[in-house]
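A structural walkthrough
Here are the chains, one letter per residue:
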Amino acid sequence: MATVSNQVDTAATTAATKIDSERIRADFPVLETVVNGNRLVYLDSAATSHKPMAVVDRLARFMSHENATVRRGVHYLSERATFAHDQARSKVAAFIGAGDPRQVIFTRGTTDSINLVAAGFERSILKPGDEVLITHMEHHANIVPWQMACERSGAKLVVAPITEAGELDLEALEAEMSERTRIVAVTHVSNALGTINPVKAIIEMAHARGIPVLVDGAQAVPHMKVDVGDLGCDFYAFSGHKMLGPTGIGVLFGTTEWLERLPPYQGGGDMILSVTFEKTVYNVIPHKFEAGTPAIAEAIGLGAAIDYMNAIGLDAISAHEHDLLEYATAQLGAIEGVRLIGTAREKAAVVSFTVEGIHPHDIGTILDQDGIAIRVGHHCAQPVMQFYGVPATARASFAVYNTRAEVDALVTGVQKCIEVFR
Ligand code: C6P
């Protein structure tokens, strides 16, 4: 048998953060993948995380033994599926501190959630001369839907600046909030920089002026305890597939007041109470926003992912990932020619960097030869790349199953790239 390198030293990580990495890694068989004779080092969880067997098994159990549609049948299987689907909604609500499961809309993901709100604002709130305030560090999913809504309504997109460290300039952000601002849409954690934004303070600033706030939580919910009640946000969006759950399922949290106020996003089955050719009466929330057969197995799988994360504990997950972040930042930052992109004081599990004289795509390709998976490119955050004057960055991102030994493999890989190109 060929020797497998990139062996994972789980003991060091365990001691540092009280996470039993060995046990956790055993739940993710994909981590046993061997690439070119090397054990896979997966440092691309910000793009999508892997799924533990608890999630895979739950999906398989639903599809093999419980499959039926929800809220449309009186038969045994349909009632069972409906119960499991409702239970998943309640799990999500409890996980994010939503007071009422009806405030949880199941969507396809963060992108879909933000499009739902932007379309609702376009149709019912935005008028010519109104403003939508976003920031320079947003993912395209929190730029383009607003740009489209502004184009169609005659409103203006206003962008708050960031600093060289990749932090929001809070004074400038506050100065942009005016009587014309109809919504502030801001990311909780930047996917390209790792910056954790002080969203609670931003929400207080906006609310003091009567402005609602949407938070893009795609990169926050997988990595830290999020409590929408404590934050006081009006909308909070995230994706299942980045938090150990399936693809095709995401969440929009909204306050009852806002969800009742906004018009439906799409029309179709289940979002209605009655239909005639003259008039349709829309269903109550959350169903008003869930037209058509939902992603049933995926929602139930997301519930299983939440159970899995809760069993480990969000604090333990955050501490573990923070240890990896600091370890990686110190080592990569010490390599001559490496430029860290995003050096905010508060950061989550993302390290973006460039290496002098080497295109990020070459770094990604060379690391891949050793089985090390990172993401290279603009990370769907082109304005961030424009701000730093780079076409792309290399980005390593961490999850609960990563280890310090994997960071070591990354650092060795980057040094190897530099030798190859020297
Ligand atoms: N970022 C990344 O590699 P979807 O695709 O809908 O699940 O999530 C979109 C999205 C929205 N906001 C933020 C902050 C994100 O990071 C993402 C997805 C991935 O960084 C794919 S570009």
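Residues numbered from 1 in each chain as written. Predicted model: local features only at pLDDT ≥ 70, side-chain atom pairs only at ≥ 80, totals over all residues. Heavy atoms only, no water.

So, about a nonpolar patch on the surface. A surface patch of nonpolar side chains, about 260 Å² in accessible area, is lined by L273, V281 and V284. Tracing the chain through its elements places L273 in strand 11 (residues 272-275). The exposure class of L273 is exposed, given its relative accessible area of 54%. (Patch = residues over 30% accessible without salt bridge, like charges linked within 9 Å, V, L, I, M, F, W, Y side chains within 5 Å. Areas by Shrake-Rupley, 256 points an atom, 1.4 Å probe, with all protein chains shown as cover. Salt bridge = Lys/Arg side-chain N within 4 Å of Asp/Glu carboxyl O. Helix = DSSP H or I, 4+ residues; strand = E, 2+ residues; numbered from the N terminus. Buried < 20%, exposed > 50% of the residue type's maximum accessible area, 1.4 Å probe, protein only.)

Parsing the chain into structural domains produces domain 1 (10-39 + 313-421) and domain 2 (55-311). With 33 residues of domain 1 at the contact, the number on the domain 2 side is 30 residues. Buried area between domain 1 and domain 2, summed over both chains or domains, comes out near 2500 Å², and the portion from carbon and sulfur atoms is 57%. Contact with domain 2 buries surface across domain 1, with L314, C380 and F387 losing the most and accounting together for 22% of the total. Where domain 1 packs against domain 2, one counts one salt bridge. (Domains from an automatic or database assignment. Contact = heavy atoms within 4.5 Å. Buried area = accessible area lost by both parts, 1.4 Å probe.)

Turning our eyes to something else, we now look at the environment of R123. Turning to its location among the elements, R123 is positioned in helix 5 (residues 110-124). Accessibility expressed as a relative area gives 52% for R123, which makes it exposed. Residues R123 and S178 lie 55 residues apart in sequence; the distance between their C-alpha atoms is 21 Å. If sequence neighbours within four positions are ignored, R123 has contacts with P263, P264 and Y265. One polar contact links the side chain of R123 to the main-chain carbonyl oxygen of Y265, over a distance of 3.3 Å. (Polar contact = N/O pair within 3.5 Å; in protein donor to acceptor, adjacent residues only side chain to side chain.)

Our next topic: the packing of helix 11 (residues 296-312) against helix 12 (residues 314-333). Packed helices, taken two at a time, are described by their axes: the angle between them and the distance between them. Two elements in contact, helix 11 and helix 12, have axes separated by 5 Å at closest approach and are oriented at 75°. Considering the angle they form, helix 11 stands roughly perpendicular to helix 12. On helix 12, the residues that touch M309, N310 and I312 of helix 11 are L314, A316 and I317. For the contact of helix 11 with helix 12, the residue count by class is five nonpolar, one polar and no charged. (Axes fitted to C-alpha atoms, helices over the stretch in contact; angles between N-to-C directions. Parallel < 35°, antiparallel > 145°, perpendicular 65-115°, else oblique. Nonpolar A, V, L, I, M, F, W, Y, C, P; charged D, E, K, R; others polar.)

Pairing in this open sheet of seven strands is mixed, and the strands run 4-10-9-8-7-5-6 from one edge to the other. Only two strands of the sheet have a single partner each, and these edge strands are strand 4 (104-107) and strand 6 (156-160). Within the sheet, the average angular offset between the axes of one strand and its neighbour, ignoring direction, is 20°. The sheet contact formed by strand 7 (residues 181-187) and strand 8 (residues 213-216) spans four bridges and is parallel. Bridging from a neighbouring strand, V184 pairs with V213 of strand 8. Together, strand 5 (131-135), strand 6, strand 7 and strand 8 form the strand contacts of helix 6 (residues 144-153), whose direction differs from that of strand 6 by roughly 145°. (Pairing = 2+ DSSP bridges.)

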